[in-house]
Amino acid sequence: MRPTDDVFNAIKKKLNVTAGTDLRRRLWADVLNAHEAFRSTRRLSVWLSVGRMTMRDHRRLVTAAAVLLIVLAAICLDRGTNVAWSMDQTVAALQHLKTIHIKGTTPFQSGRTDFECWMELPTKKMDPIRMRFEEARGVIVVQGDVAYYWLRQDNEVQIKHGPQLADLKFWYRASEFSPWCTGKVLEILKLFTDDWQQVVQTDPNTGRQQVHVICSYRPSGTSLSFVVDVETKLVQRGQMWSNLQREGDPGLDAHTFLYDENVPDKVFEFEIPAGAKVVTEGSETNVLMRQANGLWEGGNYAEAVEAFRQVHKQSPDSFEGKLALLHVGACHYRLGQLSDAIAAFQNAIPLYSWRDSWLELAYFDLGRAYLDQGEKEKALEAFEACLAADEERPNLGSGRQRKAREYIAQIKGD
Amino acid sequence: MLKLRLRFGSREALRRIYEKHLDSLLSLAMGLLNDAGAAEDVVQDVFVAFARSADSLRLHKSLKGYLATAVVNRARDVFRSRHGSRTSINDVDLPDVQSRGPHESVVYGEEARLLIQALTKLPPEQREVVALRAKCDMGFKEIARLQGVSISTVQGRYRYGITKLRSLLNGELNDETNR
């Protein structure tokens, strides 16, 4: 081996950066958007240039004609045996709608709670997005480039604004609750899911033909099922599970879809509730949080831990303040200070009753810290709590559940 | 074939290219910039530009080389803008709190972090050569074309770069790669 090979191999094999699930999806949506623009403007010109090239040569012309006949025959045969439905048709149908109103249920405490979601779909690309999602725990209202997120329990309103909201960021937020609302998310699902299966059935109540689709997305440990009406091409029902086998109660069950309902403007308005704490993006705490995140990203965990602690101290009841405590634990964990990490995670857990995936994250990290410290019993408890916490949230699920199950199996096997 | 399908607007082809190259391009961008946010932005810009201009893709050229070259060029812009102007924290378009915490964003281990930090200490030209060779399997000839210098200059940069990395990383990495 040459003297330089060890360093070269280290970089080749160990400098591995991977995109997290959220980042992967976010980037893909932007790429897909860009590609859509390309498809609409260029596809025809590419075909025309191929056509011109083909017509210039006699042999190419004959070959092209033969290929065309085979393709046409295949299409005719296909139409003769299957119900014509493709995701593209649903996406196209969604693009002609003005509003979607979805009703359904989601787990809450030991039972389920109702949710409702209204969306006004932009008729032109430049039109503002308007959306309202409402359930027992909170309300999200998106008004173009301003989004309000009211956390009912904490009576806290987070206001986010700026040009970055014009992209899909808040559609993602919405899609976590109702991934079938937008054609874009459906397209992404079709492309990314591992085991897309669709069957045609007749609805016994209405006699209408429906396409039943099931699929799963392995990286996030999520599976979905939805029903599309063959005639309208629109989604009629959607369910989502935080496991790959569609076992147990779905994490989300959207049972009613009302299209082009007359939704009053008032639905998309938002009034800050009396006494609510308002956190605006760009506040001092927010800037400090970003600085702390920058230190974390640079691998400067010792300074990051102090910065995150400062965020929590400055604004202990805010969104950032609560999240910062979890990050304090993560920094200590990276620094190998397991006892401090455990203490931070334990302090953080009571703060997260339902919010997103934080509770699950905190228990997962706590479990790992205990495991590294050799305290298997406590680690087991934490991983089990992680799994239990996951069932409480209306989210897309995560690979952490799978990892937590692996850790549990490993501990029990020892 | 994948490139041909992409030229004809195939989303599936684009997805396969995206899935295949995303992580290696992120690794390259991180190796060049040592900044997760900037690396994400660079890779996003590259893929978005790629998706927009799929018709200009040359079918006989290496796709990985094409994308890696785009990442290097974009990273150079970022590098230049960083060193060309000093901005206050409030002026910078900083990432969203929820998307850039320790639990989100790009994911890499402790050893990768050490390697990235060591790479950052190399002069940019050497860093590019080492990162492109190691993460994108790019040949000296191709790198020479990208950097606009002779092959022997690129080989020299690679040698100096690796030697410096070796001294920087001395004792930091375990011997796993030599086994």
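Every chain begins its residue count from 1, and numbering advances along the sequence as written. Following the order in which they are written, the chains are lettered starting with A and the ligands numbered starting with 1. For this predicted model, a pLDDT threshold of at least 70 governs which residues receive local features, and a threshold of 80 or more governs which side-chain atom pairs are given and counted, while totals over whole chains, interfaces and linings are taken from all residues.

Q: Residue-level account of the overall build of chain B, with values.
A: Counting secondary structure elements, chain B contains 8 helices and 1 strand. For chain B, the succession of helices and strands along the chain, N to C, is α-α-α-α-β-α-α-α-α. Put simply, a residue is buried when 20 or more other C-beta atoms lie within 10 Å of its own C-beta and exposed when 12 or fewer do; between those, it is partly exposed, and each C-beta is set from the backbone. In chain B, which comprises 179 residues, the proportion classed as buried is 44%. A fraction of 70% describes how many contacts in chain B between residues 6 or more apart in sequence connect residues 24 or more apart. Secondary structure is summarised from DSSP: a helix means a run of H or I of at least four residues, a strand means a run of E of at least two, and numbering begins at the N terminus for each. Here contacts are defined at the residue level, using C-beta atoms placed from the backbone and a cut-off of 7 Å between them.

Q: So what's going on with the packing of helix 2 (residues 11–33) of chain B against helix 3 (residues 36–52) of chain B? Which residues, and what values?
A: Residues and elements named next belong to chain B. Whenever a helix is involved, its axis is fitted only over the stretch in contact; in every case the axis is a line through C-alpha atoms, and angles between N-to-C directions fall within 0 to 180 degrees. It is the contact of helix 2 with helix 3, at a shortest axis distance of 9 Å, that shows an interaxial angle of 145°. For the pair helix 2 and helix 3, the crossing hand works out as right-handed. Contacts between helix 2 and helix 3 involve Leu14, Tyr18, Leu22, Leu25, Leu26, Ala29, Met30 and Leu33 from the first element and Ala36, Ala38, Ala39, Val42, Val43, Val46, Phe47 and Ala51 from the second. Each residue is assigned to one class: nonpolar for Ala, Val, Leu, Ile, Met, Phe, Trp, Tyr, Cys and Pro, charged for Asp, Glu, Lys and Arg, and polar for all the others, Gly among them. Here the contact of helix 2 with helix 3 is built from residues that sort into 16 nonpolar, no polar and no charged. Crossing handedness is read from the near helix: turned anticlockwise from the far helix by less than a right angle, it gives a left-handed crossing, and turned clockwise, a right-handed one.

Q: Help me get a handle on the environment of Leu258 of chain A, residues and values and all.
A: All names here are of chain A. Secondary-structure assignment places Leu258 in strand 12 (residues 252–259). With 12 C-beta atoms counted inside 10 Å, the residue Leu258 sits in the exposed group. With 22 residues separating them along the chain, Leu258 and Gln236 place their C-alpha atoms 8.6 Å apart.

Q: Mind laying out the environment of Ala38 of chain B, listing which residues take part and the relevant values?
A: All names here are of chain B. Residue position: Ala38 is located in helix 3. By the C-beta count within 10 Å, which is 21 here, Ala38 ends up buried. Separated by 41 residues in the primary sequence, Ala38 and Phe79 place their C-alpha atoms 9.7 Å from one another. Ignoring sequence-local partners within four residues, the contact set of Ala38 consists of Leu33 and Val78.

Q: Can you lay out the pairing of strand 8 (residues 197–202) of chain A for me, pointing to particular residues and giving the numbers?
A: Residue and element names in this part refer to chain A. Burial analysis of strand 8 places just 0 of its 6 residues in the buried class, a small minority of the element. In this structure, strand 8 lies alongside strand 9 (residues 209–217), joined through 6 bridges in antiparallel fashion. Bridge assignment links Thr202 to a residue of strand 9, and that residue is Gln209. By definition, two strands form a pair when at least two bridges between them are found by DSSP. Once strand 8 ends, the chain turns through 6 residues before running back antiparallel as strand 9, passing Gly207 with a positive phi of about 75°.

Q: Just give me the short version of the nonpolar core, but keep the residues and values in it.
A: Grouped together as the largest cluster of nonpolar side chains are 57 residues, with contacts concentrated most on Leu25, Ala29, Val43, Val71 and Val130 of chain B. Among the elements of the structure, helix 1 (5–14) and helix 2 (21–55) of chain A together with helix 2, helix 3, helix 4 (63–84), helix 5 (110–120), helix 6 (124–136) and helix 8 (151–169) of chain B are those that each provide at least two residues to this core. If you tally residues by element for this core, the top one is helix 2 of chain B, at 11 residues. Not counting residues up to four positions away in its chain, the partners in contact with Val43 of chain B are Leu22, Leu25, Leu26, Ala29 and Val71 of chain B. We call a set of buried Ala, Val, Leu, Ile, Met, Phe, Trp, Tyr and Cys residues a nonpolar core when their C-beta atoms link them within 7 Å. Grouped together as the second largest cluster of nonpolar side chains are 40 residues, Phe364, Ala382, Ala389 and Tyr407 of chain A included.

Q: Break down the packing of helix 2 of chain B against helix 6 of chain B for me, with residues and values.
A: Helix packing for two helices is described by the angle between their axes and how far apart those axes are. Residue and element names in this part refer to chain B. Close contact between helix 2 and helix 6 brings their axes to 10 Å; oriented N to C, the two are set at 160°. The angle between helix 2 and helix 6 places the two elements in the roughly antiparallel class. Classified by chirality, the crossing of helix 6 by helix 2 is right-handed. Contact with helix 2, carried on its side by Ser24, Ser27, Leu28, Gly31 and Leu32, involves Arg127, Glu128, Ala131, Lys135 and Cys136 of helix 6 and no other residues of that element. When its residues are assigned to classes, the contact of helix 2 with helix 6 shows 4 nonpolar, 3 polar and 3 charged. In these notes the angle categories are as follows: under 35 degrees is roughly parallel, over 145 is roughly antiparallel, 65 to 115 is roughly perpendicular, and the rest is oblique.

Q: Describe the confidence of the model for chain B, listing the residues and the values that go with them.
A: Residues and elements named next belong to chain B. One confidence number per residue, pLDDT, is output by the predictor and ranges from 0 to 100. Per-residue pLDDT for chain B averages 74, and the proportion of residues at 70 or more is 70%. Least confident of the elements in chain B is strand 1 (residues 106–107), whose mean pLDDT is 62; most confident is helix 6, at 89. Every residue in residues 84–104 scores below 50 in pLDDT, and together they form 28 contacts with partners more than four places removed in sequence or on other chains. Confidence drops under pLDDT 50 across residues 174–179; counting only partners more than four residues distant or on other chains, this segment forms 5 contacts.

Q: Give a description of helix 10 (residues 338–348) of chain A that names residues and reports values.
A: When helix 10 of chain A is considered as a whole, its buried residues turn out to be Ala341, Ile342, Ala344, Phe345 and Ala348 of chain A. Buried residues in helix 10 of chain A, looked at end-on, bunch into an arc of 165°, giving them a common side. The reported arc concerns the directions from the helix axis to the C-beta atoms and nothing else.

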